[in-house]
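# Residue-level structural notes
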Amino acid sequence: MSGTAYLIRGATLPDGETTDLLVREGRIAERGAGLSDRGAIPVDAAGLRALPGLVDLHTHLREPGFEQSETVLTGSRAAAAGGFTTVHAMANTFPVQDTAGVVEQVAALGAAAGYATVRPVGAVTVGLAGERLAEIGAMARSRAAVRVFSDDGKCVHDALLMRRALEYVATFDGVVAQHAQEPRLTEGAQMNEGALASTLGLAGWPAVAEEAIIARDVLLAEHVGARLHVCHLSTAGSVDVIRWAKARGIAVTAEATPHHLLLTEQLIAGDAALDPDAVGHRGYDSRLKVNPPLRRDEDVRALRAAVADGTIDIVATDHAPHPVESKECAWAEASFGMVGLESALSVVQAALVDPGHLDWGDVARVLSRTPAEIGRVPGYDAPFAPGSPAHLTLVDPTARRRFGRAQLRGRGVNSPYLGRELPGRIVATFHAGVATVLDGELQTLPTPTDHEVA
Amino acid sequence: MQTRAVLQQADIQRALTRIAHEILETNRGASGLVLLGIPTRGALLAERLGAILAGLDAEIPVGALDVTMYRDDLDRHPTRTPQPTRIPAAGIDDRTVVLVDDVLYSGRTIRAALDALGAHGRPRAVRLAVLVDRGHRELPIRADFVGKNLPSSAAERINVTLAELDGEDAVTITGGEADGGAA
Amino acid sequence: MTGLRHLLASADLDRASAIALLDTAEDMADVATRRVPKLPTLQGRTVANLFFEDSTRTRLSFEAAAKRLSADVITFSAKGSSVSKGESLKDTAQTIAAMGIDAVVLRHAASGAARVLAESAWIDAAVVNAGDGTHDHPTQGLLDAYTMRKARHGADSRGQGLDGLRVTIVGDVLHSRVARANLGLLPTLGARVHLVAPRTLLPFGAEQWPVTTSSDLDAAIADAPDVLMMLRIQQERMHAAYFPHEREYAGFWGLDEERFARLHADTMVMHPGPMNRGLEISAAAADSERSLVLDQVANGVAIRMAVLYTVLSGGRHAGAREAGAA
Ligand SMILES: [Zn+2]
């Protein structure tokens, strides 16, 4: 509870400074060496990295409507387990998050669960149908204070509608987060278009279907003077377009997912063959089916370089839980998406930190400060400063573990990392001073009912 | 593991010549005889017997009868690629078929051969000629013509090599207790 | 020959295994000519034909193959059973597994379905891919290779590959599992494959395959390949802008009578069937002496017998294999 005080001893901040942090009444109360506990619960953070609470700009919580996949509660537990303290809940729920009523409901469910700040994303168009603008103003002004608008899962492909959306959303200091996928070029598409897809007999998903939309949208954003956020970049060509747009001064931000920074299409051919004991992927392993698709090795390398040089601003999970039966089937029949909240930081460490592309200060930027800025989430601008909200996570970067079902704390088990060894371990997470993870264990918070009674 | 030769090239030649004579004696001549060897080495032995018999002025049709698809032990062995079956043009109906194999052991191969024969016709009689009979029968089957009886333990392995396939003629025993008794 | 647990893709076969299968099929083909055209080999084994996609020809061919080997056959086909009502691969597989089956012959509209089934823990049976989406159809590739080998080597086929054989495949390679089945196998056997199609129907990245490609059928014919394989063109393709209309397609990529007349005397014509006569192939070509279309159908049963025999023999465990090494 936020009433409990914690004294975090000897944590190493992203900039390398080692300090104690006193967390009290939801805030960083004191910071410095050798703080006395004054009745606070001591947390030994020697050898651990303290990071600001992670902020995910791209999470599918599935509630309302798809509670068999995930709920706001289970999804925010998964978030906490992964070190996140804020998640942006994508709009493709049922009903769609296209009205003030639905986004307020989702935000309230998040607040009641207490594991993380849940910031609903508003739909750009009614029902994600790509035809009429959703009530963007009402959602922006609602108690959910929506600032990110996205039809994610679908692309706002109509050029005129996209132009209007950019303009209208800018009216409310919001941002359109575009899922860049030209629909006609990706009809029936199953995996990255190339020789491998042709060999596997899976319909190709051309890189140009993503790049063409991004190119159009950055020009539209420039033309109307609005900001644009591009979801889950997956190709080297997309990086080139964003780099060009930024050089031109266009107000565009871009994200990459952890999986697009680590995994390639080659895994779909199977690397475990028929050996049941082998760690790896069977052929056509539907856990690898994701939108946008896994790409080539050269794309992964371009994305890593782009995160390193700031062309890609943030890493966002695109956490997409699905029920087991949606993945236990033939590839073409399987749903797109993989869960990512619990594994995100480990994958970022493996893909970006350990190879030297990012230091921990950069990690704090791409996984906390910048996504909070894009989403206009308050409280992340001065982490660890006395008076700031106590959103933070403690990580043991020296740990290595075989990622398993036990690490998955949401409802979805469609993780491509099961059985894989990953670096890093979340030791503790504090959301507004509440320990959601302590000693590596997800904490049980009072149930929503208890909250209401209290 | 010890390997010792029990038959050498000359022994094998003598054994086959004796079998050829016995076949003619038992059959009272060459009439109606067909030799069918069981691949791989039985088929080679049948060819040799045919040649020896031809030298005795007995022109006997020689063929090969593959039994792979009639075996009852598919699970217990590596997958075998079947070998060609060659039935002489005159067929086997009402003939006396002499099956030829290298080693008679459990009898299961011969059981399979009898079944395989049925798919090709109805012989008047079926005889069996083997180069080596090593015992350990699991079925009520016996050979009519035997090159050499070679009592062996089940732990031993009898290996027949033939010049056409292996470069030299020999029958060897490998493994089991080296009792030195078979000098 | 090593045991083959499943047959999922033609590219999974190495040269020795492929030749062993073709050799085994030689003997299977002979069975049809015997007094008793049936082998007891798979007595007591049950083969389930699981056809999520209707294909009477392939299903009948596998059924005949299984029955000639004395296996019991259970058939689930799309028409008139729950598989047509969207029942999942997993549920159906587990249902038939509960009946105690030794092999599943799977036809499915989704690429990779056979591999997913074989590598799942849902069943323990051998899996034979009878066509998965636009991915592969390995028994088709084998029967095509068998037909080519027979046409080239006749009675001396046993043990032979297809070394030096030049095979030109014409038409909708993009959507063709038959083309992929051939591409996965023929180079392994030493054949050289050339693909001819409009750019819209050549798979993206095909230049990275071990083949040559072009769009000029007349040049390909002038090059006197050993085999000219015409692929079936599906009429709905023209609605998806792969080509304007049938006449234009036939004009550029159809084996019409005029082109057929120009074929080199030794070029054999193949087609996986069913044929659109007058579209990708003229009746004269289809019914000519040089057409191997009927051989392909006839050889299908022998190949499928060889495949069923191979996946169901040889023991399931490494221990059994070693114990059997005689
Ligand atoms: Zn998306």
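Structure: above.
Residues numbered from 1 in each chain as written. Chains lettered and ligands numbered in written order. Predicted model: local features only at pLDDT ≥ 70, side-chain atom pairs only at ≥ 80, totals over all residues. Heavy atoms only, no water.

## Quick word on the sheet that holds strand β4 (residues 96–104) of chain B
Residue and element names in this part refer to chain B. Pairing is parallel across the open sheet formed by five strands, whose spatial order is β3-β2-β4-β5-β6. Of all the strands in the sheet, the pair left with one neighbour each is β3 (62–64) and β6 (145–149). On average, each strand axis in the sheet is inclined to that of its neighbour by 25°, with strand direction left out of account. The sheet contacts of helix α1 (residues 9–27) involve β2 (33–37), β4, β5 (125–133) and β6, and relative to β6 the element is tilted by about 150°. In this fold helix α3 (residues 108–118) packs onto β2, β4 and β5, with an angle of close to 155° to the strand it touches most, β4. (Pairing = 2+ DSSP bridges. Helix = DSSP H or I, 4+ residues; strand = E, 2+ residues; numbered from the N terminus. Axes fitted to C-alpha atoms, helices over the stretch in contact; angles between N-to-C directions. Contact = heavy atoms within 4.5 Å.)

## Let's talk about the interface of chain B and chain C
Contact residues are listed per partner, giving 22 residues for chain B and 28 residues for chain C. Interface area for chain B against chain C, summed over the two sides, is near 2,100 Å², with a carbon-plus-sulfur share of 53%. In terms of surface lost to chain C, no three residues of chain B exceed M69, L74 and T79 of chain B, which account for 34% of the buried area on that side. The interface formed by chain B and chain C holds one salt bridge in total. We note a salt bridge from D93 of chain B to R35 of chain C, for which the minimum N-O separation is 2.7 Å. On inspection of chain B and its partner chain C, the count reaches seven residue pairs in polar contact (both at pLDDT 80 or more). (Buried area = accessible area lost by both parts, 1.4 Å probe. Salt bridge = Lys/Arg side-chain N within 4 Å of Asp/Glu carboxyl O. Polar contact = N/O pair within 3.5 Å; in protein donor to acceptor, adjacent residues only side chain to side chain.)

## Examining helix α6 (residues 177–185) of chain C
Residue and element names in this part refer to chain C. Among the nine residues of α6, nine are classified as buried, and the element is accordingly described as predominantly covered. Here α6 has its buried residues at R177, V178, A179, R180, A181, N182, L183, G184 and L185. The opening residue of α6, the one whose side-chain oxygen lies 3.2 Å from the backbone nitrogen of V178, is S176. (Buried < 20%, exposed > 50% of the residue type's maximum accessible area, 1.4 Å probe, protein only.)

## Focus on the pattern of salt bridges
Residues and elements named next belong to chain B. Using the criterion set out here, one finds 54 salt bridges over all chains in the structure. Of the charged contacts in the structure, one is a salt bridge between R80 and D73, with a shortest N-O distance of 3.9 Å. The exposure class assigned to R80 is partly exposed, which follows from its relative accessible area of 26%. In this structure, R142 and D144 form a salt bridge, with 3.5 Å as the shortest nitrogen-oxygen distance.

## A few points about the coordination of the zinc ion
All names here are of chain A. The zinc ion binds to the protein through D152 (OD), H179 (ND1) and H232 (NE2); the donor distances cover 1.8 to 2.2 Å. For the zinc ion, all donor residues lie on one chain, and their spacing in sequence is D-x26-H-x52-H. One end of the pair, D152, is in the loop between β9 (148–149) and α4 (159–170); the other, H179, is in the loop between β10 (175–178) and β11 (191–192), and 27 residues separate them in sequence. By relative accessible area, D152 is classed as buried at 3%. We classify H179 as buried; its relative accessible area is 2%. (Donors = N, O, S within 2.8 Å, 3.2 Å for Na, K, Ca; no water.)

## Looking at the interface of chain C and chain A
Facing 19 residues of chain C, the contacting portion of chain A comprises 21 residues. Counting the surface lost from both chain C and chain A, the interface buries some 1,700 Å², and carbon and sulfur atoms represent 56% of this. Of all residues in chain C, R115, E119 and F204 of chain C bury the most surface against chain A, accounting for 35% of the area lost on that side. Inspection of the chain C/chain A interface yields one salt bridge. Its salt-bridge partner being E328 of chain A, residue K90 of chain C comes within 2.3 Å of it at the nearest N-O pair. In this assembly, chain C and chain A are joined by ten residue pairs in polar contact (both at pLDDT 80 or more). Examining the composition of the side of chain C that touches chain A, we find that four residues originate from one element, helix α4 (residues 113–119) of chain C, more than from any other. Residue classes in the side of chain C that touches chain A are distributed as seven nonpolar, eight polar and four charged. (Nonpolar A, V, L, I, M, F, W, Y, C, P; charged D, E, K, R; others polar.)

## Re the packing of helix α5 (residues 138–153) of chain C against helix α11 (residues 293–312) of chain C
All names here are of chain C. The geometry of α5 relative to α11 is characterised by a closest axis approach of 8 Å and an angle of 120° between their N-to-C directions. As summarised for this structure, α5 and α11 are arranged oblique, according to the angle between their axes. Considering only the axes of α5 and α11, their crossing is right-handed. Note on element contacts: α11 touches α5 through D295, Q296, N299, G300, I303, R304 and V307, opposite T139, Q140, L142, L143, D144, Y146 and T147. Of the residues contributing to the contact of α5 with α11, the split by class is five nonpolar, six polar and three charged. (Parallel < 35°, antiparallel > 145°, perpendicular 65-115°, else oblique. Left-handed = near helix turned anticlockwise from the far one by under 90°.)

## Describing the sheet that holds strand β3 (residues 103–108) of chain C
Residues and elements named next belong to chain C. The four strands are arranged β2-β1-β3-β4 in an open sheet whose pairing can be described as parallel. Among the strands making up the open sheet, the edge pair consists of β2 (72–77) and β4 (126–132). The mean angle between the axes of side-by-side strands here comes to 15°, regardless of whether they run parallel or antiparallel. The sheet contact formed by β3 and β4 spans five bridges and is parallel. Looking at β4, one finds that A103 is bridged to A126.

## Structural notes on the arrangement of the chains
Contacts between protein chains span two pairs of chains, and they are most numerous for chains B and C. A gap remains between chain A and chain B, which never touch, and the nearest two C-alpha atoms on either side lie 19 Å apart.

## Remarks on the packing of aromatic side chains
To describe a pair of aromatic rings, one takes the distance between the centres and the angle between the planes. Scanning the model with the defined rule gives seven aromatic pairs over all chains in all. With centroids separated by 6.5 Å and ring planes inclined at 85°, the aromatic side chains of F403 of chain A and Y417 of chain A adopt a geometry described as edge-to-face. Taken together, the residues F403 of chain A in the loop between β16 (392–402) and β17 (421–431) and Y417 of chain A in the loop between β16 and β17 connect sequence positions 14 residues apart. Since its relative accessible area comes to 1%, F403 of chain A is described here as buried. Joined through ring pairs, the aromatic side chains of F243, Y249, F252 and W253 of chain C make up one cluster. Seen from the ring of F336 of chain A, K289 of chain A lies directly overhead, with NZ or CZ sitting 4.6 Å from the centre. Here the guanidinium or amino end of R134 of chain B rests over the ring plane of Y105 of chain B, the centre of that ring lying 4.0 Å away. (Phe/Tyr/Trp six-rings, centres within 6.5 Å; stacked < 30°, edge-to-face > 60°. Lys NZ or Arg CZ within 6 Å of the ring centre and 35° of its normal.)

## Regarding empty space enclosed by the protein
Using the criterion set out here, one finds six cavities of 30 Å³ or more in the structure. Put simply, the largest cavity is a space of about 60 Å³. Surrounding the largest cavity, D66, T68, M69, Y70, P82, Q83 and T85 of chain B together with D27, M28, R34 and L39 of chain C form its lining. Tallied by class, the residues present in the lining of the largest cavity amount to five nonpolar, three polar and three charged. (1 Å grid on protein atoms, 1.4 Å probe; cavity = no way out; pocket = protein on both sides within 12 Å on 5 of 7 lines; lining within 4 Å. Points joined across faces, edges and corners; volume = space filled by probe spheres on them.)

## Some details on the nonpolar core
Ranked by internal contacts, the top residues of the largest apolar core, which has 110 residues, are L99 of chain B together with L69, L142, M148, L195, L255 and L308 of chain C. When residues of this core are assigned to their parent elements, the largest contribution, ten residues, is made by α11 of chain C. Inspection of this core shows a minimum of three residues originating in each of domain 1 (10–136 + 300–312) and domain 2 (138–296) of chain C. In this structure, L142 of chain C is in contact with L7, L13, L21, L22, L185, I303 and V307 of chain C, ignoring residues within four places of it in sequence. Counting 76 residues, the second-largest nonpolar core is a separate cluster that includes L61, A113, W360 and V437 of chain A. (Core = buried A, V, L, I, M, F, W, Y, C linked by side-chain atoms within 4.5 Å. Domains from an automatic or database assignment.)

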